[in-house]
Amino acid sequence: MEIAKIQPIEKISPSGTLVSEKKDAANEREPLIKIRPAKGWVALKLRDLWAYRELIYFLTWRDIKVRYKQTLLGVAWAVIQPLFTMLLFALFFGKLAKLPSDGIPYPIFAYAGLLPWTFFSNAVTSSGNSLVASSNLITKVYFPRMIIPGAAVMAGLVDFAVAFVILIVLMFYYGVSLTMNFFALPLLITLTALLALGVGMWLSALNVKYRDIRYALPFLIQLWLFASPIIYPVSLMPQKWRWLLWLNPLSGIIEGYRAALLGRTAFPWQALALSALITFAILLSSAYSFRRMERSFADVV
Amino acid sequence: MSDVAIRVEGLGKQYRIGARRPSYGSLRETLTEAVTTPFKRLSRNGNGHLGSLSSGTIWALRDVSFEVKSGEVVGVIGRNGAGKSTLLKILSRITEPTMGEVDLYGRVGSLLEVGTGFNLELTGAENIYLNGAILGMRRREIERNFDAIVDFAEVEKFIDTPVKHYSSGMYLRLAFAVAAHLEPEILLVDEVLAVGDQGFQTKCLGKMSEVAKHGRTILFVSHNMGAISRLCERVIWLDDGKVMMDGSSAEVVNSYHTQFLTVRPEWKRFEASDSEREFDFLSIAVKDSNQQPSGVFSGDEPIFVEVTYIVSRTLAGCQIGTRICNFEGVVIFSTSDADTSGTSALAKEVGFYASSFQIPQNFLAPGTYYISIGAHLPNRDVYGLIEQAVVFEVSASGSLASLDGRLGVITPLIHWDVYKKPLPPQ
């Protein structure tokens with residue numbers, strides 16, 4: 001009975017001619033903002049993102065500011081996490097299991113890998129949970145949603161910088177001297193952050209709809225740790241299977257860090273190029289999927 | 001000044017309303033649903049206003065069109081669920097429309113809530129920057145307005161204190177102060193003034209009319225008819241997702257009142273009950289103690305609500321639920337026939353039923369109320385739903401509110417125990 005009230009979509013949707021006629025009559029200006037129901041894939045709208053760059057800064061700043069509030073040890077946590085993991089690894093994998101480490105003292109070998117890994121895993125975890133945690137913002141204000149996982153990744157950089165201090169201490173202790181490779185570091189950090197962002201965007205968007213992600217995330221991170229050459233060197237892998245390891249974009253990056261910081265191994269340009277390629281593929285696909293999924297965030301979260 | 005600021009054309013927004021909560025599903029649920037959906041009977045609706053219930057979706061907005069000229073201050077009114085908030089959410093780009101188009105000629109600032117993104121751990125000053133950035137202000141803009149914001153909020157002394165130590169009044173003032181200094185060409189405001197004390201509301205209203213005088217275009221959603229009449233020259237009345245009326249504020253607010261003030265003590269199904277349907281409401285009425293339908297009750301008289309319905313197929317666990325809402329659409333309370341048997345659901349075998357309950361005397365404050373009624377299997381199926389089935393009034397006569405001027409949405413008579421005791425030894 002009441003069902004008759006609902007008209008088929010085609011009937012209601014305004015015909016193009018009608019609208020344009022009216023537009024001419026009313027005013028000639030182009031609207032600043034056009035809102036249309038989007039269909040299928042949509043543009044990335046990077047310009048929009050640029051317009052809101054200050055918000056990225058403020059949200060990053062908030063995350064950093066609030067993170068260690070009401071903790072006893074404060075920012076020391078940024079050091080404790082990789083440092084103690086390194087000590088454990090050095091004891092179990094270095095001393096007891098006697099894993100090879102490309103002739104590098106195992107502690108610094110492990111730490112040079114754990115440093116980017118800690119950044120990466122924390123960034124993926126916090127950006128993966130970021131949208132759900134910011135549901136109050138998503139349902140009340142408009143801004144490009146990518147800013148939320150983006151800021152979560154950026155905030156991790158501060159912890160990275162703090163943990164880096166320990167590496168410098170270790171480098172002094174083991175008498176590691178810097179090489180030209182060191183200058184590749186900014187590139188490596190950027191690549192790590194972009195990879196974390198790519199993975200984080202995927203997970204955060206899926207997390208809005210499927211809260212399974214929250215439970216799958218720690219598991220995924222754990223798997224990823226063992227699938228990356230952090231505890232062990234790439235050279236441990238039989239030559240035949242090594243390509244499998246390189247398919248993990250983090251492998252090239254981690255080896256890159258070791259080469260850049262410790263200078264004992266050759267700089268893995270080839271592996272890094274592959275990592276960069278895969279990273280950009282992930283970033284691009286996740287950015288487009290994110291834009292596609294973001295339409296329903298406010299309705300679903 | 002006659003330039004268009006907002007143009008809305010054939011706007012529609014469809015929401016999925018699953019029998020389950022649609023908010024989010026786990027993968028497993030999505031998978032099970034995919035398997036079970038073909039077998040799931042689609043719930044069919046009664047003679048309700050939410051006509052599209054049966055399709056599992058609902059049109060929160062349907063074919064809404066209007067234009068707002070630059071510098072106009074337009075109020076949006078309507079019952080709860082009429083689509084006001086959905087409209088603002090689409091205009092502020094928080095959610096996308098299902099159909100139709102919107103053109104906005106100018107920067108948009110939306111104020112759907114005060115204090116969005118406020119962080120309790122941060123200080124007042126830090127929150128001004130954070131909140132400002134979230135609302136879309138540039139850092140320079142915030143810096144320029146910083147003193148004015150602090151001034152307006154009257155929190156100079158506490159500006160470097162974390163806001164978690166603020167009183168709720170201070171918190172609200174600061175939150176509103178930031179928002180009030182937004183400088184977009186188009187401002188969308190949703191029911192912000194419903195919070196805070198009288199003084200705060202007056203201050204906010206003052207600020208709003210000041211903003212309005214500066215040629216800003218404002219779309220203002222509110223239940224506060226007084227505020228609407230004072231601020232807006234034009235009002236759009238939304239009902240059931242459609243524009244019911246669009247005109248001068250006096251005219252629209254008047255009609256809105258009239259519709260609500262017309263009491264309607266009885267609802268009856270006109271057409272014959274369809275034997276195909278498993279459930280049908282037949283009637284619902286509010287009656288006085290003489291069992292006579294009545295639209296006006298005095299405060300000290302109980303109100304009897306009587307419902308009749310027919311069940312054509314046994315519905316295990318089906319509940320008859322009602323919502324009693326006031327004029328503003330606020331749900332005063334809900335009750336269902338499962339209340340009697342604890343929380344367990346009741347089996348509805350085939351047959352004709354009459355059930356009733358009583359709203360006690362000295363309970364509802366004077367005002368106009370409506371009752372919506374539905375039959376549903378909690379969280380699964382809706383068998384029937386009649387929104388605003390009856391409208392009745394509780395008059396001031398005999399009410400406690402009129403006797404001693406007490407405040408409150410409800411005015412129950414509460415039993416006090418009083419003992420006179422000897423003075424405690426000094």
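Look up: the structure comes first, before these words.
Residues numbered from 1 in each chain as written. Chains lettered and ligands numbered in written order. Predicted model: local features only at pLDDT ≥ 70, side-chain atom pairs only at ≥ 80, totals over all residues.

Undergrad: I'd love a proper account of the overall build of chain A, names of residues and values included.
TA: When its secondary structure is counted, chain A shows 14 helices and one strand. Considered along the principal axes of its C-alpha atoms, chain A spans approximately 75 × 50 × 45 Å. Here chain A, with 301 residues, has 37% of them falling under the buried criterion. Sequence-distant contacts in chain A: of pairs separated by 6 or more residues, those separated by 24 or more amount to 79%. (Helix = DSSP H or I, 4+ residues; strand = E, 2+ residues; numbered from the N terminus. Buried ≥ 20, exposed ≤ 12 C-beta atoms within 10 Å, placed from the backbone. Contact = placed C-beta atoms within 7 Å.)

Undergrad: Tell me about the nonpolar core, residues and numbers included.
TA: In this structure, B:Leu219 and B:Phe220 are the most contacted members of the largest nonpolar core, which totals 138 residues. Looking at this core element by element, the count peaks at 13 residues for helix α6 (residues 106-133) of chain A. Leave out the neighbours within four places in its chain, and B:Leu219 touches B:Ile6, B:Val68, B:Val74, B:Val76, B:Leu88, B:Leu91 and B:Leu188. Membership of the second largest hydrophobic core comes to 36 residues, among which are B:Ala285, B:Ile373, B:Leu385 and B:Ala389. (Core = buried A, V, L, I, M, F, W, Y, C linked by C-beta atoms within 7 Å.)

Undergrad: Describe in detail the sheet that holds strand β17 (residues 367-377) of chain B, supporting the description with residues and values.
TA: Residues and elements named next belong to chain B. Strand order in the open sheet formed by five strands is β12-β18-β17-β14-β15, and the pairing between neighbours is mixed. Looking at the sheet topology across the chains shown, the edges are occupied by β12 (296-298) and β15 (331-336). Between one strand axis and the next, the sheet turns by 30° as a mean value, whatever way the strands run. (Pairing = 2+ DSSP bridges. Axes fitted to C-alpha atoms, helices over the stretch in contact; angles between N-to-C directions.)

Undergrad: I'd love a proper account of the pairing of β15(B), names of residues and values included.
TA: Residues and elements named next belong to chain B. As paired elements, strand β14 (residues 319-326) and β15 share five bridges and run antiparallel to each other. Its bridge partner lying in β15, Thr322 is registered against Thr335. Counted between consecutive antiparallel strands, the loop separating β14 from β15 contains four residues, among which Gly329 sits at a positive phi close to 90°.

Undergrad: So what about unusual backbone geometry? Which residues, and what values?
TA: Residue and element names in this part refer to chain B. In this model, Glu154 sits at a positive phi of 55°, which is unusual for a non-glycine residue. Glu154 gets classed as partly exposed once you count the C-beta atoms within 10 Å, which come to 14. Residue Asp240 is not a glycine yet carries a positive backbone phi of 50°. Structurally, the position occupied by Asp240 is in the loop between β8 (234-239) and β9 (242-248). A residue is classified by how many C-beta atoms lie within 10 Å of it, and Asp240, with 20 of them, is buried.

Undergrad: So what's going on with helix α4 (residues 53-67) of chain A? Which residues, and what values?
TA: Owing to its 3.6 residues per turn, the α-helix brings residues three or four apart onto one side. Taking 1.5 Å per residue as the helical rise, α4(A) with its 15 residues ought to reach 21 Å, and the 21 Å between its terminal C-alpha atoms agrees with that figure. What α4(A) keeps buried is the set A:Leu55, A:Ile56, A:Phe58, A:Leu59, A:Thr60 and A:Arg62. For α4(A), the secondary structure elements touched by its buried residues are α8 (147-173) of chain A together with α3 (124-134) of chain B. (Expected span 1.5 Å × (residues − 1).)

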